[in-house]
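For reference, the chains in residue letters:
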Amino acid sequence: MSPATPTETQAKPPIWIWRGLRLLGLMALNLALLCATVWAVAALYFDVRVPSLRVPLAAMYALAVVSVWILVKGGWLARGLTAGGFLVVLAGWLTLQPSNSRDWQPDLAVLAYADINGSKVTVHNIRNCDYRSETDFDVRHYDKTFDLQKIRTVDLFMVYWGAPYMAHTMMSFGFEGGDYLCFSIETRKTKGQDYSAIRGLFRQFTLISVVADERDLVRLRTNYRKGEEVYLYRLRGTPEQAGKFLLDYLRRLNRLRQRPEWYNAVTDNCTTGIRVQRAAADRAPWDWRMLANGYGDEVL
């Protein structure tokens, strides 16, 4: 038998290609472990429920990971220990449960809910604050019955406060006769608590869907908050589509009242929360502008 000719065999890639691919793989793995470690340190710093333990535990964890990489012989063992430490922190973090029983700010203390009876829905605890300034106001609530068959408009409000790629989104449903029901998915803050985008990535805030009339939610942002600009987009759609959309909001209201959820600045915020409250089959295709939601009008 004659030896195979070069055309009958496939030439193996040079060894430097395999070494290069292996190096890239290790770099990607090490970067992932670095990100996981940074997240675990932040999770300990923000979410440990005993405030006096947050800094010590976060510092000890970071020091332990650095020590592993310095003292442990064998890169794969160090990677395994790093991954194991991250999984331990993640498992503990996932056990944290939100609560509806905390010392809430007055404007967020009362949860709205709805009684749904066919096309008639009664919404309880609709907020209508009487503002003298952003921080000085009287909190009022009322109940009202709406007919889903009398929805005439659906409006999207986009509120910009600085960077053009980020906005706060609100939805408002207009009814025959001039009534409006406005929804704003927000963080439910306790007294003395301020919003932070970094903290919003961790389990710091409970989610709330504020239900109010436009004199409350919109006027707060147009008349009293400095540096905010509000844009209004009227959406196209049939009354049937609008009614189904409103029911998504109302059903989630009732779920949040029974089972509180965590707010997350990425996965469940004022914009992504609109998407996730719908059934999976009814959700719009994912688009990166749902995160950089200041470009949400382009999506529309």
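That block above? That's the structure.
Cut-off values and rules
- Residues numbered from 1 in each chain as written.
- Predicted model: local features only at pLDDT ≥ 70, side-chain atom pairs only at ≥ 80, totals over all residues.
- Heavy atoms only, no water.
- Helix = DSSP H or I, 4+ residues; strand = E, 2+ residues; numbered from the N terminus.
- Buried < 20%, exposed > 50% of the residue type's maximum accessible area, 1.4 Å probe, protein only.
- Phe/Tyr/Trp six-rings, centres within 6.5 Å; stacked < 30°, edge-to-face > 60°.
- Lys NZ or Arg CZ within 6 Å of the ring centre and 35° of its normal.
- Pairing = 2+ DSSP bridges.

J.: Now, about the environment of Cys-35: what can you tell me, with residues and values included?
T.: Positionally, Cys-35 belongs in helix α1 (residues 15-47). Given a relative accessible area of 47%, Cys-35 falls into the partly exposed group. Residues Cys-35 and Ala-284, 249 residues apart in the sequence, show an inter-C-alpha distance of 30 Å.

J.: Hey, could you go over the packing of aromatic side chains for me, with residue numbers and the actual values?
T.: Applying the stated criterion to the full structure yields 18 aromatic pairs. Taken together, the ring pairs connect Trp-39, Tyr-45, Phe-46, Phe-86, Trp-93 and Phe-202 into an aromatic cluster. Over the aromatic face of Trp-76 sits the side chain of Arg-79, whose NZ or CZ is 4.8 Å from the ring centroid. When the ring centre of Trp-93 is taken as reference, the NZ or CZ atom of Arg-203 above it lies at 4.3 Å.

J.: Hey, could you go over the pairing of strand β8 (residues 180-188) for me, with residue numbers and the actual values?
T.: In terms of residue burial, β8 counts as a mostly covered element, since eight of its nine residues are buried. Note that strand β7 (residues 168-175) and β8 share four bridges and pair antiparallel. For Phe-173, the partnering residue across the bridge sits in β8 and is Leu-181. A loop of four residues connects β7 with β8, the two strands running antiparallel in sequence, and Gly-177 in this loop sits at a positive phi of about 105°. Judged from the seven bridges that link them, β8 and strand β9 (residues 206-212) form a sheet pairing that is antiparallel.

Remember that the coordinates give geometry; whether it matters functionally is a separate question.
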